[in-house]
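Here's the letter readout for the chains.
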Amino acid sequence: MSVALWIIATLVVAGVLTYKRASLLGFSLGLVAMFAIGGMFNIVGPVLWILLAIVLVPVNVTSLRENFLTKPILTAYRKVMPEMSDTERDALEAGTVWWEGELFAGDPDWKKLLDVPKSELSAEEQAFLDGPCEEVCKMLDDWEVTHELTDMPQDVWQYLKDNKFFAMIIKKEYGGLEFSAYAQSRVLQKLAGVSTVLASTVGVPNSLGPGELLQHYGTKEQQDHYLPRLANGDEIPCFALTSPEAGSDAGAIPDSGVVCKGQWNGEEIVGLKLNFNKRYITLAPVATVIGLAFKMYDPEGLLGEKEELGITCALIPQDTPGMETGRRHFPLNVPFQNGPVRGNDVFVPLDYIIGGEKMAGKGWRMLVECLSVGRAITLPSNSAGGIKQMALATGAYSRIRRQFKLPIGKMEGVEEPMARIGGNAYLMDAVTTLSTAAIDLGEKPSVISAIAKYHMTEKLRSCMDDAMDVHGGKGICLGPNNYLGRGYQGVPVAITVEGANILTRSMMIYGQGAIRCHPFVLKEMTASAKEGSAALKEFDKAIFGHIGFAASNFVRSLFYGFGGHRLSDAPGTNATKAYYQQMNRFSANLALLSDVAMGVLGGSLKRKERVSARLGDMLSYLYIASATVKRFHDQGHLEDDKPLLHWAMQDTLFKLQEAQLALLENFGAVGTVMRGIMFPLGRFVKRPSDKTDHKVARLLMEPSVTRSRLGEGQFLDPEGHFGLLEQTLQDMIACETLHAKICKAAGERFSFTQLDALADKGLELGVISDDEADLMRRAETGRLRTINVDDFDPADLLAGKAAFDYALKNLADDKAA
């Protein structure tokens, strides 16, 4: 054996062991074996053996490694560790790590993902969707809500209360529905397709609010009193967190609760004097009980020695003296009940604290744990439901609406935005399904919830833009027959609430993910905060595990960069296997880049928001892509769904690739080196082709099982906007054959308009039946209804006129009664 061959063989063995993440001892034994082979061929002499011993003995003898290597590293680590506030620590420690941890680890276990049980509705949940949910959708007229009343009608409010729409999360023992997270998502998707106001009103009490907090942290007395009343609609809850001075930085709320003595029901007690000024609080104007977050102080030491107790949550009846509610904000003509909550010297007993006095100062931890669940359900589901409805509507409209003698959906320029709508509808439903599956398995996925909230609402924004572009004037003219405009106006609300999207992307997704999902960083931080030999042993185990982890991801990234990912283990069929392998490559890249970023930037990484954002994008797109292949797997690898799968996966992985390249291009010399390792052959993922766009666009325009599956669960009442649109789509397609028959018989090419007159022509020529003529007349009625827009008498558009007329009508009805 030549020296060169032995060196190459040794490097290969070392690389394979590192790739496979062999233990430190296993790696060392592998090198010893290669040196022994080298000795047999007189390649390795005493000097090389001595050098090998100098390297291997200190790292394999625990006492030597801890004292001479780990201890200095720990000392240096403590010096560079950034300061962490209590709120940051609570946010990091709250919630759980689930599938996102696998994606962050550089070697995803795809079997773990595919073994997650397929989400399904119980018989009770399905009956609720088919019954009360369907009924309330029929009851609601969104134009009446948004233009005439700026509120839902009272009969709708009462129906929601009577049928426990506000109690989906409340346990049955308290009279609630106790639905799964998946069922909650399906309900909100259906409601969101009809009305943003309706979906928001139902979503908030089932997300972060008194019901959730009481079930997890409330005293037995609080639970027994409030939960049945919340379940049957006797109480309407809201939760007041955001202040004018504390929006995205919710931990900086200035609102205070000072422990003091005061009068309560004629007795002097120790309680809280509250002063607060909250805004953007959904349901506040109509709430009967207000959850309140404030900072608690005990300057007189009435509870103990600690003066600043921290953020605390209390539950306060609306009629408590000093409470001010009732005024409303007006969020972009989407008038769900939202407004300020104020209080000046509001005195309440200590037992108003959720969980009682023992939970004083623990409010922030309570909030971030509960928010990780609600944030993964409400806004992602509302977004997915809205886009599923728009996918069906835009597909139908683009087939019905004709210009230049053909349906506009058959124009290549229109196919492009339609493909984005269809592909994202498939993808967004997949993400909400996987995210709610995590919750139903008992997880509190704080990182996943941030990913789902940010990306689903951003996709809602871009897809609504696309839908508006396809609809043109139909979309921009508001009125009773506009099913698009209010949803379009309301998009910025979804972007802004529950953590503004700029903050979520720049700080939250990766800020939490880098520490929570990384297999060693949190362990290192925890160990470094301790003292003594136990701390040294914990840190030693974590830091050398981290070194091996980073080395493995380096080898994987280098190997994959030259196309080796095509040899990586992956499940799936021919349609999906390549996607799993590409995700293997990106996962290794993400893990390595995370370690590089943390190593180069240290504590300043959390201030490098664009670096954090792009790393967060990589993690997010990996999660979105994995949710998409999971959906395709769970639904049985359906052949007809492949265009949707391919578009969604190619678009997501292309965006992942571009986020990674943008990071490397802005990371100086380090980025240049990393690009040479990770992309030595250049880009390897392509965006969806025009051919794929064409297939997805055509799928939206033609009724089929696949198209129905794409809009599964949405409200399509035969007498409503969307049901009539679907019927007109079917009628217009049926008329295409009749149109061709009439043109052939007449020897003339007629325009595909005025189908009622054309029906008469067909009867005159004797080429269609009476039933077919009736079909053409119905199609023409539907066609005109679809393409026309509302117009108004100028007086009807005067601000407040509709509400005034409505009030007069009610007054007249009351007098008549």
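Attention here is on the structure that accompanies the text. (Residues numbered from 1 in each chain as written. Predicted model: local features only at pLDDT ≥ 70, side-chain atom pairs only at ≥ 80, totals over all residues. Heavy atoms only, no water.)

## A word on the overall build of the chain
No. 1: The number of helices and strands found in the chain is 32 helices and nine strands.
No. 2: Computed over its C-alpha atoms, the radius of gyration of the chain comes to 31 Å, within 12% of the 28 Å expected for a compact globule of 817 residues.
No. 3: Projected onto its principal axes, the C-alpha coordinates of the chain cover approximately 105 × 90 × 45 Å.
No. 4: Here the chain, with 817 residues, has 54% of them falling under the buried criterion.
No. 5: Taking the intrachain contacts of the chain between residues at least 6 apart in sequence as the baseline, contacts between residues at least 24 apart amount to 75%.
No. 6: Summed over all atoms, the accessible surface of the chain reaches about 34700 Å², with 55% contributed by carbon and sulfur. (Helix = DSSP H or I, 4+ residues; strand = E, 2+ residues; numbered from the N terminus. Rg over C-alpha atoms; globule rule 2.2 N^0.38 Å. Buried < 20%, exposed > 50% of the residue type's maximum accessible area, 1.4 Å probe, protein only. Contact = heavy atoms within 4.5 Å. Areas by Shrake-Rupley, 256 points an atom, 1.4 Å probe, with all protein chains shown as cover.)

## Some points on empty space enclosed by the protein
In this approach, a probe sized like a water molecule rolls over the atoms, and the result shows the empty space that is left.
No. 1: Evaluated as defined, the whole model comprises one cavity of 30 Å³ or more.
No. 2: Its volume calculated, the largest cavity comes out at about 30 Å³.
No. 3: Around the largest cavity, the lining residues are Phe166, Ile169, Ile170, Pro205, Gly211, Leu230 and Pro237.
No. 4: Classifying every residue of the lining of the largest cavity by side-chain character gives six nonpolar, one polar and no charged. (1 Å grid on protein atoms, 1.4 Å probe; cavity = no way out; pocket = protein on both sides within 12 Å on 5 of 7 lines; lining within 4 Å. Points joined across faces, edges and corners; volume = space filled by probe spheres on them. Nonpolar A, V, L, I, M, F, W, Y, C, P; charged D, E, K, R; others polar.)

## Considering helix H2 (residues 24–40)
No. 1: Between the first and last C-alpha of H2 there are 25 Å, a value that for 17 residues agrees with the 24 Å anticipated at 1.5 Å per step.
No. 2: Listed as buried for H2 are Ser28, Gly30, Leu31, Met34, Phe35 and Gly38. Angularly, the buried residues of H2 cover 155° about the axis, an arc narrow enough to put them on a single face. Exposed residues on H2 whose side chains face more than 90 degrees from its buried face are Leu25, Leu29 and Met40. (Expected span 1.5 Å × (residues − 1). Arc of directions from axis to C-beta.)

## What to know about the state of the cysteines
Covalent bonding between the sulfur atoms of two cysteines defines a disulfide.
No. 1: Applying the stated criterion across every chain, the model contains zero disulfides.
No. 2: A disulfide-free cysteine, Cys260 has its sulfur positioned 19 Å from the sulfur of Cys313, the nearest such atom.
No. 3: Classification of Cys260 as buried rests on a relative accessible area of 10%.
No. 4: The structure places no disulfide on Cys743, whose sulfur is separated from the nearest cysteine sulfur, that of Cys735, by 12 Å.
No. 5: Overall, Cys743 belongs to the buried group, its relative accessible area being 7%. (Disulfide = S-S within 2.5 Å.)

## Observations regarding the packing of aromatic side chains
No. 1: Scanning all chains against the criterion turns up 19 aromatic pairs.
No. 2: For the pair Tyr77 and Phe539, a centre-to-centre distance of 5.2 Å together with 65° between the ring planes defines the contact as edge-to-face. Highlighted residues: Tyr77 in helix H4 (residues 62–80) and Phe539 in helix H22 (residues 532–561), separated in sequence by 462 residues. No difference in accessibility class separates Tyr77 from Phe539, as the two residues are buried.
No. 3: Ring plane angle 75° and centroid distance 5.0 Å describe the contact between Trp110 and Tyr580, whose orientation is recorded as edge-to-face. (Phe/Tyr/Trp six-rings, centres within 6.5 Å; stacked < 30°, edge-to-face > 60°.)

## Considerations on H4
No. 1: With 19 residues, H4 should cover 27 Å at 1.5 Å per step; its first-to-last C-alpha distance of 25 Å lies within 8% of that length.
No. 2: The largest bend in H4 comes to about 40°, at Thr70, with the proline Pro72 one to four residues further on.
No. 3: Summarising the contacts, the buried residues of H4 are in contact with H2, helix H3 (46–60), helix H21 (521–528) and H22. (Bend = angle between axes of the 7 residues up to and from the residue.)

## Section: the pattern of salt bridges
No. 1: Going through the model one piece at a time under the given rule, you end up with 32 salt bridges.
No. 2: We note a salt bridge from Arg505 to Asp617, for which the minimum N-O separation is 2.7 Å. Linking Arg505 in helix H20 (residues 501–516) with Asp617 in helix H24 (residues 609–634), this pair joins segments that are 112 residues apart in sequence.
No. 3: Between Arg683 and Glu658 there is a salt bridge, with the nearest N and O atoms lying 2.9 Å from each other. Taken together, the residues Arg683 in the loop between helix H26 (668–678) and helix H27 (690–701) and Glu658 in helix H25 (residues 642–665) connect sequence positions 25 residues apart.
No. 4: Taking the relative accessible area as the measure of exposure, Glu658 reaches 24% and is therefore partly exposed.
No. 5: One network of salt bridges, in which partners are shared, links Arg186, Lys388, Asp429 and Arg631. (Salt bridge = Lys/Arg side-chain N within 4 Å of Asp/Glu carboxyl O.)

## Digging into the side chain of Ser449
No. 1: With respect to the secondary-structure elements, Ser449 resides in helix H17 (residues 446–471).
No. 2: Discounting chain neighbours no more than four positions away, the residues touching Ser449 are Ser372, Arg375 and Ala376.

## What about the environment of Ser612?
No. 1: Relative to the helices and strands, Ser612 is located in helix H24.
No. 2: As for Ser612 and Tyr510, which are separated by 102 residues in sequence, their C-alpha atoms are 5.8 Å apart.
No. 3: If we skip the residues at most four places from it in the chain, Ser612 touches Arg505, Ser506, Tyr510 and Gly511.
No. 4: At 3.2 Å, the side chain of Ser612 and the backbone oxygen of Ser506 are in polar contact. (Polar contact = N/O pair within 3.5 Å; in protein donor to acceptor, adjacent residues only side chain to side chain.)

## A short note on the packing of helix H8 (residues 123–139) against helix H11 (residues 181–192)
No. 1: Between H8 and H11, the shortest axis-to-axis distance is 10 Å and the interhelical angle comes to 25°. The angle between the axes of H8 and H11 places the two elements in the roughly parallel class. The handedness of the crossing between H8 and H11 is right-handed. Seen from H8, the contacting residues are Glu125, Phe128, Leu129, Cys133, Glu134, Val136 and Cys137; seen from H11, they are Ala183, Arg186, Val187, Lys190 and Leu191.
No. 2: Here the residues of the contact of H8 with H11 are counted per class, giving eight nonpolar, no polar and four charged. (Axes fitted to C-alpha atoms, helices over the stretch in contact; angles between N-to-C directions. Parallel < 35°, antiparallel > 145°, perpendicular 65-115°, else oblique. Left-handed = near helix turned anticlockwise from the far one by under 90°.)

## Overview of the nonpolar core
No. 1: Grouped together as the largest cluster of nonpolar side chains are 128 residues, with contacts concentrated most on Met583, Leu615, Leu653 and Met776.
No. 2: Beyond its immediate stretch of four places on either side in the chain, Leu653 contacts Tyr579, Gln582, Met583, Phe586, Ala625 and Val685.
No. 3: Core analysis: the second largest hydrophobic core is formed by 92 residues, Met168, Leu241, Ala287 and Ile439 among them. (Core = buried A, V, L, I, M, F, W, Y, C linked by side-chain atoms within 4.5 Å.)

## Concerning the side chain of Arg585
No. 1: Tracing the sequence through the fold places Arg585 in helix H23 (residues 577–601).
No. 2: Despite its burial, Arg585 pairs with no opposite charge, the nearest such side chain being Glu658 at 11 Å.
No. 3: Not counting the four nearest positions on each side in its chain, Arg585 is found in contact with Tyr560, Gly561, His565, Met678, Phe679 and Phe684. (Lys, Arg positive; Asp, Glu negative; His and termini not counted.)

## Considering the pairing of strand E7 (residues 338–349)
No. 1: Buried residues dominate E7, accounting for nine of its twelve residues.
No. 2: Strand direction decides the pairing type here: strand E3 (residues 267–282) and E7, joined by nine bridges, are antiparallel. Considered in E7, the bridge of Lys278 is made with Val341.
No. 3: Sheet topology note: the strand E6 (residues 323–324)/E7 ladder contains two bridges and is antiparallel. (Pairing = 2+ DSSP bridges.)

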